[in-house]
Amino acid sequence: RFAPGKMETKPLFGGAIRVDIPSEFKDVSCVRDIPDHQEVFADPQTDASIIVELLTPPEGVAFDEVTQYHFAELGKCNAAPTTTHKIDKMEDSQMPHLPPAPQVRKMLLLGEQQVAKHRDSQEAANVVTIMLALARLGEPHNTDVLITLNAPSQISNQSSSATLGCKPMGGDIEKCNDIFTRVVASFNIVDYTLFGSG
């Protein structure tokens, strides 16, 4: 049985949000440009990443289908075949620092994508376990907060990750679930003016 690792509280989006991230995950913005609506942390040992995104809710998509929508959009961005394993409503207790539903509604998705890294060909795609939590902030903020854990479960021998000696974490669902649950539970908005109102 694995031992839960050390977490560190990180200020996101100029300190308006705080979230606990495993200490082995490093801030990717130190090495490459990240879009303003994202914060990205990556573990160089496993090639796993944690992404926090602030998105405009998509028009014409029912809330019960919105995690699948964002998951499919991620697949399009990665040009990746996708498989959805489970979609669930989240209990308010799973994100205790946020207001309860219906003010903030919450969903979970567990899925898998075959993702080729950067300049790798699709033949070199890795199988990636994806855990996705969505919290929709209602009026007046109107924002979808997306927290995603991407953890390769199979790294292709042809992948650039293989040449770096990465060890896949995604096959250890217990570890992935522990990390993801603790990240999501720690999510705390300390300054709602980040969302332009209130």
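Look above for the structure.
So, how was this worked out
- Residues numbered from 1 in each chain as written.
- Predicted model: local features only at pLDDT ≥ 70, side-chain atom pairs only at ≥ 80, totals over all residues.
- Heavy atoms only, no water.
- Helix = DSSP H or I, 4+ residues; strand = E, 2+ residues; numbered from the N terminus.
- Buried < 20%, exposed > 50% of the residue type's maximum accessible area, 1.4 Å probe, protein only.
- Contact = heavy atoms within 4.5 Å.
- Areas by Shrake-Rupley, 256 points an atom, 1.4 Å probe, with all protein chains shown as cover.
- Core = buried A, V, L, I, M, F, W, Y, C linked by side-chain atoms within 4.5 Å.
- Salt bridge = Lys/Arg side-chain N within 4 Å of Asp/Glu carboxyl O.
- Phe/Tyr/Trp six-rings, centres within 6.5 Å; stacked < 30°, edge-to-face > 60°.
- Lys NZ or Arg CZ within 6 Å of the ring centre and 35° of its normal.
- Pairing = 2+ DSSP bridges.
- Axes fitted to C-alpha atoms, helices over the stretch in contact; angles between N-to-C directions.

A. Looking closely at the overall build of the protein chain. The secondary structure content of the protein chain amounts to three helices and 10 strands. Secondary structure elements in the protein chain, listed N-terminal to C-terminal, are β-β-β-β-β-α-β-β-β-β-α-α-β. Of all 198 residues assigned to the protein chain, the portion counted as buried reaches 43%. Restricting to contacts in the protein chain with at least 6 residues of sequence separation, those with at least 24 account for 58%. Approximately 10200 Å² of the protein chain is accessible, and the part contributed by carbon and sulfur atoms is 48%.

B. Layout of the nonpolar core. Grouped together as the largest cluster of nonpolar side chains are 32 residues, with contacts concentrated most on Ile17, Met95, Ile147, Val183 and Phe187. Those elements that provide at least two residues to this core are strand E1 (7-12), strand E2 (17-22), strand E5 (48-55), strand E8 (126-137), strand E9 (143-154) and helix H3 (173-186). Of the residues forming this core, the biggest block, five residues, is contributed by H3. Discounting residues that sit within four places of it in the chain, valine 183 has contacts with Met7, Val19, Asp20, Ile21, Pro22, Ile50 and Ile147. Judged by nonpolar contacts, the second largest core, of 11 residues, contains Phe63, Leu109, Leu132 and Leu146.

C. A look at the environment of leucine 98. Considering the arrangement of structural elements, one finds leucine 98 in the loop between strand E6 (82-89) and strand E7 (104-115). What makes leucine 98 buried here is its relative accessible area of 6%. Here leucine 98 is in contact with Val104, Lys106, Ala135, Phe187, Ile189 and Tyr192, once residues within four sequence places are set aside.

D. Inspection of the pattern of salt bridges at higher detail. Scanning the model with the defined rule gives five salt bridges in all. The partner of glutamate 8 in a salt bridge is lysine 10, with the nearest N and O atoms 3.2 Å apart. The class for lysine 10 is partly exposed, based on a relative accessible area of 21%. Across the salt bridge formed by arginine 136 and aspartate 144, the nearest N and O atoms sit 2.6 Å from each other. For the pair arginine 136 and aspartate 144, a shared accessibility class is recorded, and that class is buried.

E. View of the environment of alanine 151. Following the sequence through the fold, alanine 151 ends up in strand E9. Alanine 151 sits 105 residues away from threonine 46 along the chain, and the two C-alpha atoms are 7.6 Å apart.

F. Layout of the packing of aromatic side chains. If you walk through the whole model with that rule in mind, you get one aromatic pair. Here the aromatic rings of tyrosine 192 and phenylalanine 195 are separated by 6.1 Å at their centres, their planes lie at 50 degrees, and the arrangement is tilted. For tyrosine 192, a relative accessible area of 22% translates into the label partly exposed. The exposure class of phenylalanine 195 is buried, given its relative accessible area of 12%. Across from the ring centre of phenylalanine 63, 4.3 Å away, lies the NZ or CZ of arginine 105, which sits over that ring.

G. Main features of the sheet that holds strand E10 (residues 188-189). With antiparallel pairing, three strands are arranged side by side in an open sheet as E1-E2-E10. Each edge of the sheet is formed by a strand with only one pairing partner; in this case those strands are E1 and E10. Direction of pairing for E1 relative to E2: antiparallel, over a ladder of six bridges. In the sheet register, glutamate 8 faces E2, and the bridge partner there is isoleucine 21. The strands that H3 touches are E1, E2 and E10; relative to E2, the one it contacts most, it runs at about 165 degrees.

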